[in-house]
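# Observations on the model geometry
Each chain, letter by letter, is given below.
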Amino acid sequence: MSQTFMGFLRKDGKVGVRNHIAIIPSVFCSAKVAERIAYQVPGSVYFRHPVGCSQVGEDLEVTAKTLIAIGNNPNFAGVVVVGLGCERFSPYELADGIAPSNKMLDTVVIQEEGDSLAAIQKGSRIAREMQQMASKQVREEFPVSKLIIGLNCGGSDMTSGLIANPALGHASDKLVKHGGSSILSEITELLGTEEILARRAVNDEVAQDIMNTVRHTEDKLLKQTQQSSNKARTHLISTGNYDGGLSSVVEKSLGSMKKSGNAQFSGVIQYGHQPKSQGLFLLDSPGHDGEVSTGQVAAGAQIILFPTGRGTPTGFPGVPVIKITGNPKTYGRMKENIDINAGEVLLGNRTLEQMGEEIYQDILEVASGKQVKAEILGHDEQFCITRLP
């Protein structure tokens, strides 16, 4: 069976599975202008966020690195940076960070153009010209070693750890075996599994990095829960998780780690950074769905795989999010939002291995242009940059 997909080659050697124009505001003040530009040009996507100013230190640095990394993701053929003009994170610094990718790139600054209407007019013209150029590019065949997938999840129930996550783990293992890369994250939902994950590290240094990453998150959560003014806010899993049959964060964690299969971990990635090799990686991030997906896309992921037992419609701008559920009832209720019904395993119609192969083949189809349901319905809620205290 062919281990290839049809993608878009970028000048830096990376391969995109989509060919969008990204409209990225450098600061929240220019978000509406970026949105209006994107609305004027079909095929473009925008990245609304609440940051870029009134931040200091590492909090601002993470914002800067993440926005630059989003612009460098190969799913975007071109980028229009939209700035206000007086923000702490300069739109020109953002553009300079994207420039080494050699993709189409331009900058619009509202204060320099005179007003928001003038900025929208200029940005729309630039984005339209970029989109016209991008439309000339055709897909070419590439090996799966050019793919990076993000492993995320949300709205978990008891079927997630039993069915959807292990099936995804089979697909992840196969991708890594054939030279691709996979990124596990959601550290707040891996508590208690650090020794299990560390045993899968390629060397002692990576094993210690895994241990330190999870334990650092445990320390932060301990401090946050001890200082909470409302003890009802200290639960580490949601009421929906409880209602779905999960009893504790440990049970959830043991199921969550199964998304990564059995491959060895090649390293730990910091938020806003990219892996320097291929393989399976652990991304240091919180458990918030949007912050996880954003960190994974910043790390270079062209596709997100998203098991959900309870069901969720969310998506990511310009990056397909493949929804998987292990609960056949959820699929029946939300089939317009869920792409893969892994509940067939629960019903006895598939084995975990067969479902893993089905997920793997869907990854290749989506990488080659098949749209996922979140894309078709316009869901883009998962862009959310993590903040540091």
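Residues numbered from 1 in each chain as written. Predicted model: local features only at pLDDT ≥ 70, side-chain atom pairs only at ≥ 80, totals over all residues. Heavy atoms only, no water.

Test applied: UniProt positions are given in the numbering used here, feature names are shortened, and annotations may be inferred rather than shown by experiment.
The name that an unreviewed UniProt entry assigns to the protein chain is UxaA family hydrolase, with the source organism given as Metabacillus herbersteinensis. Here is the UniProt Sequence similarities (unreviewed entry) comment for the protein chain, exactly as written: "Belongs to the UxaA family."

### What about the sheet that holds strand S2 (residues 15-16)?
Convention followed: Strand pairing is assigned whenever DSSP detects at least two bridges linking the two strands. Counting from the N terminus, the helices are the DSSP runs of H or I reaching at least four residues and the strands are the DSSP runs of E reaching at least two.
Strand order in the open sheet formed by three strands is S2-S1-S7, with antiparallel pairing between adjacent strands. On the outer flanks of this sheet lie S2 and strand S7 (140-143), each paired with one strand and no other. Two elements, strand S1 (residues 4-9) and S7, share four bridges in a ladder whose sense is antiparallel. Within S7, the position partnered with Phe 5 by the bridge is Phe 142.

### As for the pattern of salt bridges
Side chains that carry opposite charge are capable of pairing whenever their charged atoms lie near each other. Here is the rule: Salt bridges are identified by distance alone: a Lys or Arg side-chain nitrogen within 4 Å of an Asp or Glu carboxyl oxygen. Remark: exposure states derive from per-residue accessible area (1.4 Å probe, protein chains only) relative to the maximum for the residue type, with buried under 20%, exposed over 50%, and partly exposed in between.
Going through the model one piece at a time under the given rule, you end up with 16 salt bridges. Of the charged contacts in the structure, one is a salt bridge between Arg 387 and Asp 59, with a shortest N-O distance of 2.7 Å. Of this pair, Arg 387 sits in the segment after helix H15 (373-376) while Asp 59 sits in helix H2 (residues 57-72), and the two are 328 residues apart along the sequence. Owing to a relative accessible area of 8%, Asp 59 belongs among the buried residues under this scheme. Ionic pairing is found between Glu 358 and Arg 350, a salt bridge with its closest N-O pair at 3.2 Å. When salt bridges that share partners are traced, they join Lys 32, Glu 35 and Arg 48 into one network.

### A closer look at the nonpolar core
Applied cut-off: We call a set of buried residues a nonpolar core when its members are Ala, Val, Leu, Ile, Met, Phe, Trp, Tyr or Cys and they connect through side-chain atoms within 4.5 Å of each other. Contacts: residue pairs with any heavy atoms within 4.5 Å of one another.
Counting residues in each nonpolar core, the largest one holds 52 residues, and the members touching the most others are Ile 303, Leu 305, Ile 322, Ile 324, Ile 359 and Ile 363. Listing elements by their share of this core, those giving two or more residues are strand S8 (148-151), helix H6 (158-177), helix H7 (194-198), helix H8 (204-226), strand S11 (280-283), strand S12 (303-307), strand S13 (321-325) and helix H14 (352-367). Sequence-distant contacts of Ile 322, defined by excluding residues within four places in its chain, comprise Ile 303, Ile 304, Leu 305, Phe 306, Asp 339, Ile 340, Asp 362, Ile 363, Val 366 and Val 372. Counting 34 residues, the second largest nonpolar core, distinct from the first, contains Ala 22, Ile 24, Leu 283 and Ala 301.

### Considering the domain arrangement of the protein chain
Stated precisely, the cut-off is as follows: A domain assignment, automatic or from a database, supplies the domain bounds used here. Accessible surface is computed with a 1.4 Å probe, and the buried area is the amount of it that two parts give up when combined, taken over both parts together. The term polar contact refers here to a pair of N or O atoms within 3.5 Å; inside protein, the definition further demands a hydrogen-donor-capable atom paired with an acceptor-capable atom, and it admits residues adjacent in sequence only when both atoms are side-chain atoms.
Looking at the protein chain, the domain boundaries give domain 1 (20-134) and domain 2 (143-376). If you look at the interface, domain 1 gives 13 residues, while domain 2 gives 15 residues. Each partner contributes to the roughly 1,000 Å² buried at the junction of domain 1 and domain 2, and carbon and sulfur atoms together form 63% of this total. Counting every contact that joins domain 1 to domain 2 gives zero salt bridges. Our enumeration of links across domain 1 and domain 2 arrives at five residue pairs in polar contact (both at pLDDT 80 or more). Those elements giving two or more residues to the side of domain 1 that touches domain 2 turn out to be strand S4 (44-46) and H2.

### Quick word on the sheet that holds strand S14 (residues 340-341)
The condition is simple: Axes, fitted as lines to C-alpha atoms, cover a helix only where it is in contact. Angles between the N-to-C directions of the axes lie from 0 to 180 degrees.
Sheet architecture is open: seven strands sit in the order S10-S11-S9-S8-S12-S13-S14, paired in parallel fashion. On the outer flanks of this sheet lie strand S10 (265-269) and S14, each paired with one strand and no other. Two elements, S13 and S14, share two bridges in a ladder whose sense is parallel. Counted as the bridge partner of Ile 324 is Ile 340 from S14. Strands in contact with H8 are S10 and S11; relative to S10, the strand with the most contacts, it is inclined by about 45°.

### Quick notes on the packing of aromatic side chains
Selection rule: Pairing of aromatic side chains requires ring centres within 6.5 Å, counting the rings of Phe and Tyr and the six-membered ring of Trp. Pairs whose planes differ by under 30 degrees are stacked, by over 60 edge-to-face, and all others tilted. Charge-over-ring placement is defined geometrically: NZ (Lys) or CZ (Arg) within 6 Å of the ring centre, and within 35 degrees of the ring normal.
Under the defined criterion, the tally for this structure stands at six aromatic pairs. Ring centres of Tyr 39 and Tyr 46 lie 6.1 Å apart, and the angle between their planes is 85°; this geometry places the pair in the edge-to-face category. Taking the relative accessible area as the measure of exposure, Tyr 46 reaches 14% and is therefore buried. With a centroid separation of 5.6 Å and an interplanar angle of 90°, the aromatic rings of Phe 47 and Phe 76 are classed as edge-to-face. Taken as a pair, Phe 47 in the loop between S4 and H2 and Phe 76 in strand S5 (residues 76-83) lie far apart in primary sequence, 29 residues in all. A connected cluster of aromatic rings, assembled from ring pairs, spans Phe 47, Phe 76, Phe 316 and Phe 383. The aromatic ring of Phe 306 is capped on one face by Lys 323, whose charged end is 5.6 Å from the ring centroid.

### Details of the UniProt feature "domain: D-galactarate/Altronate dehydratase C-terminal" (unreviewed entry) in the protein chain
In the UniProt entry, the feature "domain: D-galactarate/Altronate dehydratase C-terminal" (unreviewed entry) is given for residues 144-386. In residues 144-386, helix accounts for 42% and strand for 12%; the two terminal C-alpha atoms are 29 Å from one another.

### Some points on helix H1 (residues 31-40)
Since there are 3.6 residues in each turn of an α-helix, residues three or four apart along the chain are aligned in direction. Ala 31, Val 33, Ala 34, Glu 35, Ile 37 and Ala 38 are the residues of H1 that are buried. Of the surrounding elements, those touching the buried residues of H1 are strand S3 (20-25), S4, S5, helix H4 (110-113) and helix H5 (116-134).

### Quick notes on the environment of Leu 168
Looking at the secondary structure, you find Leu 168 in helix H6. Once residues lying within four places of it in the same chain are set aside, the contact partners of Leu 168 are Leu 151, Lys 259, Leu 305, Pro 307, Ile 324 and Ile 359.

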